Amino acid sequence: MAAMDLRQVADAFHERVPDLVDSLTKQMREVPSGSVATYGQLAQALGDTAASRWVATWLLEADCPLAEISHRVVRSTGEIGLHFSGDVSEKKRRLQNEGVVVSGGKVELGRFQVELPAIQAPLAALKAWQNEFVCPQAAPLDLNAVQTIGGLDVSYTGHQAVAVCSRFEADGTSPLGHASRCQEVRFPYVTGYLAFRELPLHLELLAQMQTEGTLPDLLLVDGNGRLHPRRMGIATMLGGLTGIPTIGIAKKKICGVMLADQLSPGVWEPIVEAKDQANDILGYTILPHAKTKHPLYVSIGHGIDSDEMQEVVSRSFAGHRSPEPIYAADRESRRIASTLATA
DNA sequence: GCGACAG
DNA sequence: ATCTTGTCGC
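These figures come from a predicted structure and were not determined experimentally.

What counts as what
- Residues numbered from 1 in each chain as written.
- Chains lettered and ligands numbered in written order.
- Predicted model: local features only at pLDDT ≥ 70, side-chain atom pairs only at ≥ 80, totals over all residues.
- Heavy atoms only, no water.
- Axes fitted to C-alpha atoms, helices over the stretch in contact; angles between N-to-C directions.
- Helix = DSSP H or I, 4+ residues; strand = E, 2+ residues; numbered from the N terminus.
- Parallel < 35°, antiparallel > 145°, perpendicular 65-115°, else oblique.
- Contact = heavy atoms within 4.5 Å.
- Nonpolar A, V, L, I, M, F, W, Y, C, P; charged D, E, K, R; others polar.
- Domains from an automatic or database assignment.
- Buried area = accessible area lost by both parts, 1.4 Å probe.
- Salt bridge = Lys/Arg side-chain N within 4 Å of Asp/Glu carboxyl O.
- Polar contact = N/O pair within 3.5 Å; in protein donor to acceptor, adjacent residues only side chain to side chain.
- Near = heavy atom within 4 Å.
- 1 Å grid on protein atoms, 1.4 Å probe; cavity = no way out; pocket = protein on both sides within 12 Å on 5 of 7 lines; lining within 4 Å.
- Points joined across faces, edges and corners; volume = space filled by probe spheres on them.
- Buried < 20%, exposed > 50% of the residue type's maximum accessible area, 1.4 Å probe, protein only.
- Disulfide = S-S within 2.5 Å.
- Left-handed = near helix turned anticlockwise from the far one by under 90°.

**Here's the deal with the packing of helix H2 (residues 20-28) against helix H4 (residues 52-60)**
Part 1 of the argument: At a closest axis distance of 12 Å, the pairing of H2 and H4 adopts a crossing angle of 80°. Between H2 and H4, the crossing angle belongs to the class labelled roughly perpendicular. The residues of H4 that touch H2, namely those facing Leu20, Val21, Leu24 and Met28, are Trp54, Val55, Trp58 and Leu59.
Part 2 of the argument: Counted by class, the contact of H2 with H4 contains eight nonpolar, no polar and no charged residues.

Okay, structure coming up:
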């Protein structure tokens, strides 16, 4: 594939990422005094109930611009839930002041729940993007032609994020150095949408590396690839956007089930959507070594097949839970993030 | 009560 | 991911 201009790819992607805080703010204006909405209802209005936890935690943040009306958002059970002041009775007081009846710690939703007007649902649009995204045809990977492998990870200090790409030789365990990029992050973490939070960083970093001539031939990405509710995890989207072969490496399972009953150190076990779909392998789980009880979840990103993926990841293990490129990127990004903490 | 889902 | 003390083990 002809080399992509990653500067342009990064700009185009950034352009398409919506501002969820803006959308939530607009929705909250539709919840008047004397009525309530639920966390899930607001998330659904944004396009996916998967965002309900983010809605709840965002409204609890001390510096949230919506704090003064956050008492109007309650749980789907009618329980009033938590309040940013740290005092639940304060939330109850505010609700009662606005005419909302709270009895037994609960609000009668049938009587007080607001009806939200259907508007632009940013998460629904992103979900559609994931479903429709087609990775450009990639040339078959020649593992012997791979010179360098990169590990990509991100650490945070508040809303400041630090992305690091750790470069390694093709053996997967010989370090060559790091490249890093710091940036403000607005998009929240919502299960299934990690790409929209972290890809802007990764793409900026890779565009920078392309300029320096240090772009790796293969990338290990923190997060999933095909092992994703819509088969479009961050590793897959990154590979499709850049044309660089990618592998997704996750420490926790996002979906699917393991076919086998047991896990043995060093053995790759397929993950499928359900046990009656054994022919459609989404990814693999593996215990890197006998010392760990917690497995890794590895899946194809883009431009590489399962055998090659297992070969590359297996030879990148060196005593840590994660493959060395990911482990190194994790440590370096945390180091830099801790540097920014008091700055 | 059960299930639990990347960073 | 981050917030956090001590504690167990190489």
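Once you've had a look at it, read on.
**Some remarks on the domain arrangement of chain A**
Part 1 of the argument: In terms of domain boundaries, chain A breaks down into domain 1 (31-116) and domain 2 (136-340).
Part 2 of the argument: Placing a centre on the C-alpha atoms of domain 1 and another on those of domain 2 gives a separation of 37 Å.
Part 3 of the argument: Interface area, domain 1 with domain 2, both sides summed: about 440 Å², of which 59% is carbon and sulfur.
Part 4 of the argument: Our count for the domain 1 to domain 2 interface comes out at zero salt bridges.
Part 5 of the argument: Connecting domain 1 to domain 2 are two residue pairs in polar contact (both at pLDDT 80 or more).

**A look at the protein's contact with DNA strand C**
Part 1 of the argument: Taken together, Ser155, Tyr156 and Arg334 form the complete shell of residues around DNA strand C.
Part 2 of the argument: Separating a phosphate oxygen of DNA strand C from a backbone N or O atom of tyrosine 156 is a distance of 3.4 Å.
Part 3 of the argument: Between DNA strand C and arginine 334, the relevant distance is 3.3 Å, taken from a phosphate oxygen to a side-chain nitrogen or oxygen of the residue.

**Observations concerning empty space enclosed by the protein**
Part 1 of the argument: Per the stated rule, a full pass over the model turns up one cavity of 30 Å³ or more.
Part 2 of the argument: Computed from the structure, the largest cavity encloses a volume of approximately 30 Å³.
Part 3 of the argument: Forming the boundary of the largest cavity are Tyr39, Leu59, Leu60, Ser70, Leu82, His83, Phe84 and Lys91.
Part 4 of the argument: Here the residues of the lining of the largest cavity are counted per class, giving five nonpolar, two polar and one charged.

**Quick notes on the protein's contact with DNA strand B**
Part 1 of the argument: The environment of DNA strand B is formed by 18 residues, the closest being Tyr189, Asn224, Lys251, Lys253 and Ile254.
Part 2 of the argument: Atoms of DNA strand B within 4 Å of the protein: sugar and phosphate make up 53%, bases the balance.
Part 3 of the argument: A distance of 3.2 Å separates a sugar or linking oxygen of DNA strand B from a polar atom in the side chain of aspartate 222.
Part 4 of the argument: The separation between a sugar or linking oxygen of DNA strand B and a polar main-chain atom of lysine 253 is 3.3 Å.
Part 5 of the argument: Grouping the amino acids of the surface near DNA strand B by side-chain chemistry returns six nonpolar, six polar and six charged.

**Focus on the environment of serine 76**
Part 1 of the argument: Residue placement: serine 76 occurs in the loop between strand E2 (73-74) and helix H5 (88-97).
Part 2 of the argument: The exposure class of serine 76 is exposed, given its relative accessible area of 63%.
Part 3 of the argument: Residues serine 76 and threonine 25, spaced 51 residues apart in sequence, show a C-alpha to C-alpha distance of 20 Å.
Part 4 of the argument: Ignoring any residue separated from it by four or fewer positions in sequence, one finds serine 76 in contact with Thr38 and Leu109.

**Description of the side chain of glutamate 269**
Part 1 of the argument: Within the element layout of this structure, glutamate 269 appears in strand E11 (residues 269-272).
Part 2 of the argument: The contacts of glutamate 269, once residues within four sequence positions are left out, are Met258, Ala260, Gln262, Leu263, Gly283, Tyr284 and Thr285.

**Looking at the state of the cysteines**
Part 1 of the argument: Inspection of the entire model under this criterion finds zero disulfides.
Part 2 of the argument: Take cysteine 135: it sits in no disulfide, and the sulfur closest to it among the cysteines is that of cysteine 255, at 16 Å.
Part 3 of the argument: No disulfide involves cysteine 182; its sulfur sits 15 Å from that of cysteine 165, the nearest cysteine.
Part 4 of the argument: Classification of cysteine 182 by relative accessible area gives partly exposed; the value is 35%.

**Description of H4**
Part 1 of the argument: Those residues of H4 that sit buried are Trp54, Val55, Ala56, Trp58 and Leu59.
Part 2 of the argument: Buried-residue contacts for H4 involve H2, helix H3 (39-46) and E2.

**Here's the deal with the packing of helix H1 (residues 6-16) against helix H8 (residues 194-212)**
Part 1 of the argument: H8 packs onto H1 with a crossing angle of 160° between their chain directions and a minimal axis gap of 8 Å. What the angle tells us is that H1 and H8 run roughly antiparallel. As for how H1 packs across H8, the hand of that crossing is left-handed. Here Leu6, Arg7, Val9, Ala10, Asp11 and Phe13 of H1 lie close against H8, whose contacting residues are Ala195, Phe196, Leu199, Pro200, Leu203, Glu204, Leu206, Ala207 and Gln210.

**Structural notes on the layout of surface pockets**
Part 1 of the argument: Counted as a void, the largest pocket has a volume near 690 Å³.
Part 2 of the argument: As for the largest pocket, its lining consists of 28 residues, and the residues nearest its centre are Tyr189, Leu194, Gly223, Ala250 and Lys252.
Part 3 of the argument: For the lining of the largest pocket, the elements supplying multiple residues, two or more each, are strand E5 (148-157), H8, strand E9 (246-250) and helix H11 (324-340).
Part 4 of the argument: Here the lining of the largest pocket is composed, by residue class, of 11 nonpolar, eight polar and nine charged.

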